[in-house]
Amino acid sequence: RLSPHGQTLLDLAQEARDALHDGVPRGPLKLGAMESAAATRLPAPLSEFTRRYPQVALDLRSRMIPELCAAVQSGDLDTALVAEPVDETFEKAAIYDEELVIIAGAGHPPIRSPRDVKTQTMLAFETGCAYRLRMQQWFAQSGLAPARTIEITSWHAMLGCVAANMGITVMPRMLLSAFPSAKYLSVHPLPAGLNHAPTVLIWRKGARSPKIDALVEVLRGHAGKRNGQRAKKKRTAPHSV
């Protein structure tokens, strides 16, 4: 029973030591992230982070959003990347703004509302996932609800199930670039108001440290580069008829 409290005291002691130092990031940093972010967003910035700050011992863990929030609150994680909405018990920094799309099997007719979906099965992460919430809101706007919801814990497996025409899902568009069988999928827009999901880095109130500041700087730097590359591609892409 005392063990969690002991760990919290150790974490607070480490934060106190960090505060007394010269502001150079150092010591352990336990970072949590959604699987989608860990797989596609983090490899490049974390490689730069560990190169720039060798005195930081980085530990990355991938979990679902409710687990990440609970782990940050308890001190099991120092910080985590999660999709909004996030309650006011955390401090946060905006990092990414993900474009969300509906993903169905290849050859699916255009989807403009839930009534256009061939199968009313929703493939989603567990309750509490921001992307699942967007899909539920999309159905609700048409006065409908999914006939069935299948919970899947891996985005790779989820896209595989979509490719097999088991149902539809809502995910960030950027995940398709890392999926080797994207040709078996079709992409459909979500309406304005549901088609974006800000991703933020959260930490406990009062627990910001030089390590977290350095991580925010590196993550935002890479996010800005990717946004610039996308804008350049849009400017140079040929017009389609």
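Keep in mind that what you see is a predicted model, and the values were worked out from it rather than measured.

Conventions and cut-offs
- Residues numbered from 1 in each chain as written.
- Predicted model: local features only at pLDDT ≥ 70, side-chain atom pairs only at ≥ 80, totals over all residues.
- Heavy atoms only, no water.
- Salt bridge = Lys/Arg side-chain N within 4 Å of Asp/Glu carboxyl O.
- Helix = DSSP H or I, 4+ residues; strand = E, 2+ residues; numbered from the N terminus.
- Buried < 20%, exposed > 50% of the residue type's maximum accessible area, 1.4 Å probe, protein only.
- Core = buried A, V, L, I, M, F, W, Y, C linked by side-chain atoms within 4.5 Å.
- Contact = heavy atoms within 4.5 Å.

Participant: Mind showing me how you'd approach the pattern of salt bridges here?
Facilitator: Note that side chains of opposite charge can pair when their charged atoms are close. Scanning the entire structure with this criterion turns up 10 salt bridges. Residues glutamate 48 and arginine 52 are paired through a salt bridge, measuring 2.8 Å at the closest nitrogen-oxygen approach. With glutamate 48 and arginine 52 both in helix α3 (residues 43–52), this residue pair falls 4 residues apart, about one helical turn. Among the residues examined, arginine 52 registers a relative accessible area of 36% and is labelled partly exposed. In this structure, the salt-bridge partner of glutamate 84 is lysine 92, at a minimum N-O distance of 2.8 Å. Taking relative accessible area as the criterion, glutamate 84 reaches 15% and is therefore assigned buried.

Participant: Explanation requested: the environment of glutamate 88 in the structure shown.
Facilitator: Within the secondary structure layout, glutamate 88 lies in the loop between β3 (79–83) and β4 (90–105). Put simply, glutamate 88 and lysine 205 are 117 residues apart on the chain and 9.4 Å apart in space, counted from C-alpha to C-alpha.

Participant: Help me out: how do you make sense of the nonpolar core in this one?
Facilitator: The nonpolar side chains of soluble globular proteins are, as a tendency, buried together. Counting residues in hydrophobic clusters, the biggest one holds 73 residues, and the most contacted among them are Leu81, Val82, Trp138, Leu201 and Ile202. Tallying contributions element by element places β4 first for this core, with 9 residues. When near neighbours in sequence (up to four residues on either side) are disregarded, leucine 81 contacts Gly32, Ala33, Met34, Ala37, Leu42, Leu68, Ile95, Tyr96, Thr199, Val200, Leu201 and Leu219.

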